[in-house]
Amino acid sequence: MTWQYQDLIDEFYLDVEKYKNEYYSHDEAINITFNEFYSENIVDEMERALIYILYAELSLQNPRIYNETKQVLLHELESIDLNRIRSQIIDGQLNQEQFEEISIRKDEVIKKLKLMPIDSCNQARWYYSEIRNAVSNFYLELVAQNMDSDEIIDQVLSRYKRGCDRTPSVKITVYITLAEILLKNNQTISKEIIDEISGFKMDSINEELSLDELTDLSRAVKNVLE
């Protein structure tokens, strides 16, 4: 299949949103989408360039990036052959304006990627603030539906079960965020939630959280168990 410039961009974004609507994290969604679009057998330089540019641009929305991933992305972005892409204008895959846009986007994403903080964990996952915000927003949706605390707990744990099963940091963050919200709103916290939080071992997280995130998590755990 020969991609047109804008069609590829639109389809890439649509797939990312599709996975996010299935409750994958942003990082998981862009990684799944990249793996579906990219192949080492791609000979179309515009297609290869756009896939890497889109993936890198969307990666910038994460708080940090694994160093090996960062270096691979920088290498691939810097190796984009703009002369080959320019020649594809004749084939109608893109126009002059789009060619100039891809050149600018390449340079901009390389510049920003070089400044991106390093993540010690190489696993695609929900980041700390991301999952905290997601649980908080979902709670408000459930409250608007007049659900009680037991129903809210079931719904939240069900929606984010895949993330909880993937990494310990996501699991404890989901549980502690839910517990904090329930406490704040004078709602009952189930024994399951309390047992999970009280039995949690901070060293099981390994390198999934930053020092600031670990500090905030420790504060939250202490407040809930007091």
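Residues numbered from 1 in each chain as written. Predicted model: local features only at pLDDT ≥ 70, side-chain atom pairs only at ≥ 80, totals over all residues. Heavy atoms only, no water.

Engineer: Just checking my understanding: could you explain the overall build of the protein chain for this structure?
Structural biologist: Within the protein chain, the regular secondary structure consists of 12 helices and 2 strands. Secondary structure elements in the protein chain, listed N-terminal to C-terminal, are α-α-α-β-α-α-α-β-α-α-α-α-α-α. When contacts within the protein chain are restricted to residue pairs at least 6 apart in sequence, those whose partners lie at least 24 apart make up 72%. Carbon together with sulfur atoms contributes 47% to the accessible area of the protein chain, which is approximately 12,000 Å² in total. Separation of charge centres in the protein chain, based on 24 positive and 43 negative side chains, amounts to 5 Å. (Helix = DSSP H or I, 4+ residues; strand = E, 2+ residues; numbered from the N terminus. Contact = heavy atoms within 4.5 Å. Areas by Shrake-Rupley, 256 points an atom, 1.4 Å probe, with all protein chains shown as cover. Lys, Arg positive; Asp, Glu negative; His and termini not counted. Charge placed at Lys NZ, Arg CZ, Asp CG, Glu CD.)

Engineer: What exactly am I supposed to notice about a negative patch on the surface here?
Structural biologist: Taken together, the side chains of D148, D150, E151, D154 and E192 present a region of like negative charge at the surface. Per element, the largest residue contribution to the negative patch is 3 residues, and it comes from helix α8 (residues 149-159). The topology assignment puts E151 in helix α8. Judged by relative accessible area, which is 38%, E151 ranks as partly exposed. (Patch = residues over 30% accessible without salt bridge, like charges linked within 9 Å, V, L, I, M, F, W, Y side chains within 5 Å. Salt bridge = Lys/Arg side-chain N within 4 Å of Asp/Glu carboxyl O. Buried < 20%, exposed > 50% of the residue type's maximum accessible area, 1.4 Å probe, protein only.)

Engineer: Before we go on, may I ask you to explain the layout of surface pockets in this structure?
Structural biologist: Over the atoms, a rolling probe the size of a water molecule traces out where space has been left empty. Volume-wise, the largest pocket comes out at about 220 Å³. Every element with two or more residues in the lining of the largest pocket is listed here: α2 (26-37), α3 (45-59) and β1 (65-66). Classifying every residue of the lining of the largest pocket gives 6 nonpolar, 6 polar and 4 charged. Lining the second largest pocket are K20, Y23, W126, E130, A134, N137, F138, E141, R159 and Y160. Counting residues per element, the lining of the second largest pocket draws most heavily on helix α7 (residues 128-144), which supplies 5 residues. Here the lining of the second largest pocket is composed, by residue class, of 5 nonpolar, 1 polar and 4 charged. (1 Å grid on protein atoms, 1.4 Å probe; cavity = no way out; pocket = protein on both sides within 12 Å on 5 of 7 lines; lining within 4 Å. Points joined across faces, edges and corners; volume = space filled by probe spheres on them. Nonpolar A, V, L, I, M, F, W, Y, C, P; charged D, E, K, R; others polar.)

Engineer: How do you make sense of the packing of helix α1 (residues 5-21) against α3 when you look at a structure like this?
Structural biologist: Packed helices, taken two at a time, are described by the angle their axes make and the gap between the axes. One way to put it is that α1 packs onto α3 with a least axis distance of 10 Å and a crossing angle of 40 degrees. The angle between α1 and α3 falls in the class oblique. Judged by the sense of rotation from one axis to the other, the crossing of α1 with α3 is right-handed. Across the interface between the two elements, Y5, L8, I9, F12, Y13 and V16 from α1 touch M46, E47, L50, I51, L54, Y55, E57 and L58 from α3. (Axes fitted to C-alpha atoms, helices over the stretch in contact; angles between N-to-C directions. Parallel < 35°, antiparallel > 145°, perpendicular 65-115°, else oblique. Left-handed = near helix turned anticlockwise from the far one by under 90°.)

Engineer: How should the nonpolar core be read in this particular structure?
Structural biologist: As a rule of thumb, soluble globular proteins bury nonpolar side chains together. In this structure, F12, M46, L77, I85 and I102 are the most contacted members of the largest nonpolar core, which totals 36 residues. Among the secondary structure elements, those contributing two or more residues to this core are α1, α2, α3, α4 (67-78) and α6 (96-114). At 10 residues, the largest contribution of residues to this core is made by α3. When near neighbours in sequence (up to four residues on either side) are disregarded, I85 contacts E45, M46, A49, I80, L94, F99 and I102. (Core = buried A, V, L, I, M, F, W, Y, C linked by side-chain atoms within 4.5 Å.)

Engineer: Would you mind showing me how to read the pattern of salt bridges here?
Structural biologist: The final tally for this structure, using the stated rule, is 19 salt bridges. R64 serves as the salt-bridge partner of E213, at 2.8 Å between the closest nitrogen and oxygen. Here E213 is found in helix α12 (residues 211-225), whereas its partner R64 is found in the loop between α3 and β1, with 149 residues between them in sequence. Neither residue differs from the other here; E213 and R64 are each classed as buried. Close ionic contact of E101 with R105 constitutes a salt bridge, the shortest N to O distance being 3.2 Å. Residue E101 and its partner R105 are both found in helix α6; the two are separated by 4 residues, about one turn of the helix. By relative accessible area, E101 is classed as partly exposed at 34%. Under the relative-accessibility criterion, R105 is labelled buried at 17%.

Engineer: Explain the packing of aromatic side chains here, please?
Structural biologist: Pairs of aromatic rings are described using the distance from one ring centre to the other and the angle between the two planes. The tally for this structure, following the rule as stated, stands at 9 aromatic pairs. With a centroid separation of 5.2 Å and 15 degrees between ring planes, the pair formed by F34 and Y38 is classed as stacked. The class for F34 is buried, based on a relative accessible area of 12%. On the basis of relative accessible area, Y38 is assigned to the partly exposed category, the value being 22%. The positively charged end of R159 is found above the aromatic ring belonging to F138, 3.5 Å away from the centroid. In this structure, R162 packs its charged tip against the face of Y24, placed 3.6 Å from the ring centre. (Phe/Tyr/Trp six-rings, centres within 6.5 Å; stacked < 30°, edge-to-face > 60°. Lys NZ or Arg CZ within 6 Å of the ring centre and 35° of its normal.)

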